[in-house]
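# Tertiary structure, described
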Amino acid sequence: MNEERQRYLAFEILTEDPSLNVPKEEFVKELWKRVHELWGASGAAKSGLYLINYDAHFKTGLLRYSHIFRNELEAALCRITSLAGTKVAVTSIVTCATVHRAKKKATDRNEAFEKALEFGTFNEE
Amino acid sequence: MPKTYVEFNLNLERENELDKAVFFAQHMDYKDIVVNNDKEFLKFKDFPEPLEIQGIKFYRKVILTGVIKNMQKQLSKERFKNHVVMVKPISAKEATWAVLQPMIDGLFLSADLSGRETWDNVASLLNKHGKIVEFDMSPLVFCSEKELSRILRTYIRLLQPLNPNKHRIVLSSGGSGVWGLRRAKAIRGLSKAFGLGLQYTGYSMSVYPRQLIKNNIEKLRPNYLGGGVWVIKDE
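Read on for an overview of the structure. Just so you know, these numbers come straight off a predicted model, no measurement behind them.

## Description of the overall build of chain A
Along chain A, the regular secondary structure elements total four helices and five strands. Reading the secondary structure of chain A in the N-to-C direction produces β-α-β-β-α-β-β-α-α. The proportion of buried residues among the 125 residues of chain A is 54%. Long-range contacts, defined as pairs at least 24 residues apart, comprise 70% of the intrachain contacts of chain A with a sequence gap of at least 6. Here chain A displays about 6200 Å² of accessible surface, and carbon together with sulfur accounts for 48% of that area.

Now the structure itself:
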C-alpha cells in the first residue's frame, strides 16, 4: 500500500450574516458528521483529517488531509449548509503540499486570510 | 483540464440576488452561469448577447414540467427558441417523448424520479439524438442524512443505463437562491458518491454546457435550417 501523503486545504465559510462568529467546535463537529454520512467510517478513517488552524472571526481555516481524500473532502465541505443557525457555504480556497505554501497562496487569493495573518492567528504550530 | 466552469442551473429568487450571485460565482471559479427563466424580473437581453456583470456571463434556461400536454403548450410559444430548453420528466414515458423533440436540448434528472423504471430506451435515444443529460446535485447537497441513501440509490439506478463515454453528462449545483451554489470541484467530488468517476466529469461542468450554448446561438443564424443544416447561397 502506498504511503499516505499529507496535503493542506485552506477554506473559508461564507455566511448570510458577515459579522457572525462560527465557533471552531461547531464547525469541526459538522465536518466530521458530513464526512461520516457521505463516506462512512471507512472513508473517515482514511481521510487523515485534522484542523490545523481556524479563525472564528474571519471564518477561515486550514485543514490537513490524506492525499487520497481530496475530492471526498471537497464534497463533504459542500454538504455543510448551516452553522450557528444561519445559511452557510464552505468553499476551499487552495490546496497545497506544505503549510507554508497553503498560507502563501491563500493570502494571495483572499484578503480575509491576509487580515488573519496580521492578527497572528495563523502562526505555525 | 479546463478551469472555466459553467454553472448550468441557478434559480434566482429575487432581483437583488444578481450581485450576490456574481460574488459567489467569482469565489467558486465560475465564468458563465445559466439562470432559470421562470421569473421574468431579470429582464435579460436576447440569448446570443448574455447579461455580463464583472466578467460573469449570465445565460438563460427554461425547465418545463414533465407532463406531455403542458410541454406541448409551452414549446409552441415562440419565445423559447432562443433559450436552452431542458425537460424535467416525471417518468420514462415523458422522457422518451421529450428526447424525440428537436426543440429540447436535453433531460434534467432529479431525485424525484423513480429509479425503478427501465431507462434503457431513453438512454439509447439520448445517444442517437445527441441530447445531454443533466444531473441535479442540489438534492445531494441539501438533503438530510436519512434521505441521502435513497437519493444516492435513485441516481445510481438512473446512471446505470448511461455510458459516460458516449452520453454527455452535465452536473449542476443549482439549488434555490445563491446559497445553493457550490464549488465545481466539490460537485465533481460529490458525483463520486453515486458512481460517476472523476475521469468522466472533466467536461461535465465546462465543455458540454458551453457546447450547448454555442449550438443554440448557431440556431439563430438566418440560414439555419435545422439538425446541423445551413443554406449556402452561391455568390
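## Comments concerning the overall build of chain B
The helix and strand tally for chain B stands at eight helices and 10 strands. Counting every position in chain B, which comprises 235 residues, the buried fraction comes to 53%. Summed over its atoms, the accessible surface of chain B is roughly 11300 Å², and 49% of this surface lies on carbon and sulfur atoms.

## A word on the packing of aromatic side chains
Residues and elements named next belong to chain B. One pass over the full model with this rule turns up nine aromatic pairs over all chains. Geometrically, the ring pair formed by Y155 and F194 is edge-to-face, given 5.2 Å between the ring centres and 80° between the ring planes. Of the two residues, Y155 is situated in helix 6 (residues 145-159) and F194 in the loop between helix 7 (184-191) and helix 8 (207-219); the sequence distance between them amounts to 39 residues. A residue is classified by how much of its surface remains accessible, and Y155, at 0% relative accessible area, is buried. Geometrically, the ring pair formed by Y203 and Y208 is edge-to-face, given 6.1 Å between the ring centres and 80° between the ring planes. For Y203, a relative accessible area of 44% corresponds to the partly exposed category.

## A closer look at the interface of chain B and chain A
Listed per partner, the contact involves 23 residues of chain B and 25 residues of chain A. A combined buried area of about 2000 Å² lies between chain B and chain A, and 60% of that area is made up of carbon and sulfur atoms. Linking chain B with chain A are two salt bridges. The closest approach of N and O atoms between A:E72 and B:K192, which form a salt bridge, is 2.7 Å. At the surface where chain B touches chain A, the tally comes to nine residue pairs in polar contact (both at pLDDT 80 or more). Those elements that provide at least two residues to the side of chain B that touches chain A are helix 1 (17-27), helix 5 (138-142), helix 6 and helix 7 of chain B. Along the lines of polarity and charge, the residues of the side of chain B that touches chain A split into 13 nonpolar, four polar and six charged.

## Some words on the sheet that holds strand 5 (residues 86-96) of chain A
Residue and element names in this part refer to chain A. Taking strand neighbours across the sheet as the criterion, the five strands line up as 2-3-1-5-4 in an open arrangement whose pairing is antiparallel. On the outer flanks of this sheet lie strand 2 (50-55) and strand 4 (82-83), each paired with one strand and no other. Bridge analysis of strand 1 (residues 6-15) against strand 3 (residues 60-66) gives seven bridges, and the strand direction is antiparallel. When the bridges of strand 3 are listed, Y8 appears paired with R64.

## Description of helix 1 of chain B
Of all the residues in helix 1 of chain B, the buried ones are B:E17, B:L18, B:A21, B:V22, B:F24 and B:A25. Directly beyond the C-terminal end of helix 1 of chain B, a positive phi value near 65° is found at B:D29.

## Description of a nonpolar patch on the surface
Residues and elements named next belong to chain B. Taken together, the side chains of L225, V229 and V231 make up a nonpolar region of the molecular surface, amounting to roughly 260 Å² of accessible area. Considering the arrangement of structural elements, one finds V231 in the segment after strand 10 (229-230). Classification of V231 by relative accessible area gives partly exposed; the value is 37%.

## Thoughts on the side chain of A:T91
Among the structural elements, A:T91 can be located in strand 5. Residues contacting A:T91, with those up to four places away along its chain left out, are A:F11, A:E12, A:L14, B:M28 and B:R183.

## Some remarks on the pairing of strand 1 (residues 5-10) of chain B
Residue and element names in this part refer to chain B. Burial analysis of strand 1 places six of its six residues in the buried class, the great majority of the element. By the bridge criterion, four bridges tie strand 1 to strand 2 (residues 30-36) in an arrangement that is parallel. Bridge pairing in strand 2 links E7 to I33.

Cut-offs and rules
- Residues numbered from 1 in each chain as written.
- Chains lettered and ligands numbered in written order.
- Predicted model: local features only at pLDDT ≥ 70, side-chain atom pairs only at ≥ 80, totals over all residues.
- Heavy atoms only, no water.
- Helix = DSSP H or I, 4+ residues; strand = E, 2+ residues; numbered from the N terminus.
- Buried < 20%, exposed > 50% of the residue type's maximum accessible area, 1.4 Å probe, protein only.
- Contact = heavy atoms within 4.5 Å.
- Areas by Shrake-Rupley, 256 points an atom, 1.4 Å probe, with all protein chains shown as cover.
- Phe/Tyr/Trp six-rings, centres within 6.5 Å; stacked < 30°, edge-to-face > 60°.
- Buried area = accessible area lost by both parts, 1.4 Å probe.
- Salt bridge = Lys/Arg side-chain N within 4 Å of Asp/Glu carboxyl O.
- Polar contact = N/O pair within 3.5 Å; in protein donor to acceptor, adjacent residues only side chain to side chain.
- Nonpolar A, V, L, I, M, F, W, Y, C, P; charged D, E, K, R; others polar.
- Pairing = 2+ DSSP bridges.
- Patch = residues over 30% accessible without salt bridge, like charges linked within 9 Å, V, L, I, M, F, W, Y side chains within 5 Å.

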